[in-house]
Amino acid sequence: MIYRFRVILDTEEDIFRDIEIEQQATCEDFHNTITQSFGFDGTEMASFYISDDEWRQGEEIPLFDMSESDLPLRMMNETLLEDVLSEDQTRLIYVYDFLNLWTFFVELAEIAEPQDGVSYPNLMYVHGQIPAEAPPADFSGDEDDFDEDAPFADDDDDYDIEDYEGLDFDENWN
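Residues numbered from 1 in each chain as written. Predicted model: local features only at pLDDT ≥ 70, side-chain atom pairs only at ≥ 80, totals over all residues. Heavy atoms only, no water.

What follows covers the overall build of the chain. Looking only at helices and strands, the chain has 1 helix and 7 strands in total. From first element to last, N terminus to C terminus, the chain shows the α and β order β-β-α-β-β-β-β-β. Burial status across the chain gives 34% buried among its 174 residues. In the form shown here, the chain has an accessible surface area of approximately 11200 Å², with 43% of it arising from carbon and sulfur atoms. (Helix = DSSP H or I, 4+ residues; strand = E, 2+ residues; numbered from the N terminus. Buried < 20%, exposed > 50% of the residue type's maximum accessible area, 1.4 Å probe, protein only. Areas by Shrake-Rupley, 256 points an atom, 1.4 Å probe, with all protein chains shown as cover.)

One open sheet accounts for 7 strands, arranged 4-3-5-6-1-2-7; its pairing is antiparallel. Edge positions in the sheet fall to strand 4 (57-62) and strand 7 (122-127), since each of these pairs with one other strand and no more. When strand polarity is set aside, the average angle formed by the axes of neighbouring strands in this sheet is 25°. As judged from the 8 bridges shared by strand 1 (residues 2-9) and strand 6 (residues 102-112), these two strands associate in the antiparallel manner. (Pairing = 2+ DSSP bridges. Axes fitted to C-alpha atoms, helices over the stretch in contact; angles between N-to-C directions.)

Here the focus is the pairing of strand 4. As paired elements, strand 3 (residues 46-51) and strand 4 share 4 bridges and run antiparallel to each other. When the bridges of strand 4 are listed, S51 appears paired with Q57. Between strand 3 and the antiparallel strand that follows it, strand 4, lie 5 residues; W55 among them carries a positive phi value of about 60°.

Topologically, M75 is positioned in the loop between strand 4 and strand 5 (91-96). The exposure class assigned to M75 is buried, which follows from its relative accessible area of 11%. Remark: the alpha-carbon pair of M75 and D65, spanning 10 residues in sequence, is separated by 7.1 Å. Residues within four places of M75 in sequence aside, it is in contact with I61, P62, L63, F64 and D65. (Contact = heavy atoms within 4.5 Å.)

As a further point, take the side chain of Q23. Along the chain, Q23 turns up in the loop between strand 2 (16-22) and helix 1 (27-38). Dropping the residues within four chain positions of it, Q23 is found in contact with M1, Y3, L81, E82 and I111.

For the rest of this paragraph, the subject is the packing of aromatic side chains. Using the criterion set out here, one finds 11 aromatic pairs in the structure. Summarising the aromatic geometry, the rings of F30 and F48 are spaced 5.7 Å apart at their centres and angled 0° between planes, so their arrangement reads as stacked. Of this pair, F30 sits in helix 1 while F48 sits in strand 3; the two residues are 18 residues apart in sequence, bridging distant segments of the chain. Here F30 and F48 have matching classes, each one buried. Their ring planes at 40° and their centres at 5.7 Å tell us that Y94 and F104 sit as a pair that is tilted. With Y94 in strand 5 and F104 in strand 6, this pair connects stretches of sequence that are 10 residues apart. Within the aromatic cluster, the residues linked to one another by ring pairs are Y3, F5, F30, F38, F40, F48, Y94, Y96, W102 and F104. Positioned over the ring face of F38 is R17, at 4.4 Å from the centre of the ring. (Phe/Tyr/Trp six-rings, centres within 6.5 Å; stacked < 30°, edge-to-face > 60°. Lys NZ or Arg CZ within 6 Å of the ring centre and 35° of its normal.)

To continue, consider the environment of Y125. With respect to the helices and strands, the residue Y125 is situated in strand 7. On the basis of relative accessible area, Y125 is assigned to the partly exposed category, the value being 30%. In the structure, Y125 is positioned 119 residues away from R6 in sequence and 9.2 Å away in space, judged by C-alpha atoms.

Moving on to unusual backbone geometry. Glycine aside, a negative phi is what most residues show, and trans is what most peptide bonds show. The omega angle of the peptide bond from Y120 to P121 is 5°, so this bond is cis rather than trans. Along the chain, the position of P121 falls in the loop between strand 6 and strand 7. For W55, which is not glycine, the phi dihedral falls at a positive 60°.

Encoded structure:
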């Protein structure tokens, strides 16, 4: 099977790549595909993080094990995409170059049959040009929205899930 992804740079401008890759590819194969599709040389450290539907960072899958912990880590070169992603688990956060923190939101959009005559990985669509410098990371949060009893709760009364039900990821898929 083929995984179709949208990889979005965390910036105000719309900058993304639509990528197809085999589900049996390793996370390192996917890392190499992402770096090439955004024009990086691929020589910097990087990690994937399993993410939930709210884009909260979970388990790390690093390129190299730099930890001093005795706990084993899943490494990119040993971890298959199909072991990390599924129809139920569709999101990853990808961080490239820990000094500059190029941060990407990765979403599995579709699982499809491979097409004859197409070699994978396949860069399907490019939108936007990557800036010369990484967008500044904003870790400040909004103090007005902070609730100590529910740190991840969204207390915004203007939010209505029905406003977003008509939006489908496939509408923007090219």
